[in-house]
Amino acid sequence: MTYLVKLAVTLRPIWHADPPKIRIGIDDDLSEIVLTESTTINFEFIAVKECQLVVELLNKTDADTIPDQGLD
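Description of the structure in this document. Quick caveat, the model's predicted, so the values are computed rather than measured. (Residues numbered from 1 in each chain as written. Predicted model: local features only at pLDDT ≥ 70, side-chain atom pairs only at ≥ 80, totals over all residues. Heavy atoms only, no water.)

### Regarding the overall build of the protein
Right, on to step 1. Across its full length, the protein holds 0 helices and 5 strands.
Right, on to step 2. Counting helices and strands in the order they occur from the N terminus, the protein gives β-β-β-β-β.
Right, on to step 3. For the protein, whose C-alpha radius of gyration is 15 Å, the value lies well above the compact-globule estimate of 11 Å for 72 residues.
Right, on to step 4. Considered along the principal axes of its C-alpha atoms, the protein spans approximately 55 × 20 × 15 Å. (Helix = DSSP H or I, 4+ residues; strand = E, 2+ residues; numbered from the N terminus. Rg over C-alpha atoms; globule rule 2.2 N^0.38 Å.)

Right under this line is the structure:
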């Protein structure tokens, strides 16, 4: 059995030094993007088995966190 899947994901970046770079996609079909503003990513695919939405943050470092200034 197959299923038509229509999925929209909205991501809103919060950052103070460098905008977040992410990898996003379904299963192994991934794309890398830099989020400088709220972005909606639309997916439409035929699922024949279980699928996984992947969202990975790629460029976060310890230096991005400055607790005494409220920056994280």
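Now that the structure has been shown, the text picks up again.
### Quick word on the environment of Asp28
Right, on to step 1. As for its placement among the helices and strands, Asp28 is situated in the loop between strand E2 (21-26) and strand E3 (29-34).
Right, on to step 2. With 10 residues separating them in the primary sequence, Asp28 and Asp18 have C-alpha atoms 26 Å apart.

### Digging into the pattern of salt bridges
Right, on to step 1. This model, assessed by the stated rule, comprises 4 salt bridges.
Right, on to step 2. Lys21 is the salt-bridge partner of Glu32, the closest N and O atoms lying 3.4 Å from each other. Taken together, the residues span a long stretch of sequence, with Glu32 in strand E3 and Lys21 in strand E2 at a distance of 11 residues.
Right, on to step 3. Given a relative accessible area of 44%, Glu32 falls into the partly exposed group.
Right, on to step 4. Take Lys21: its relative accessible area is 33%, and that puts it in the partly exposed class.
Right, on to step 5. For Arg23, the salt bridge is made with Glu56, and the minimal N-O distance between the two is 2.8 Å. On the criterion of sequence distance, the pair formed by Arg23 in strand E2 and Glu56 in strand E5 (residues 53-57) is long-range, its members being 33 residues apart. (Salt bridge = Lys/Arg side-chain N within 4 Å of Asp/Glu carboxyl O. Buried < 20%, exposed > 50% of the residue type's maximum accessible area, 1.4 Å probe, protein only.)

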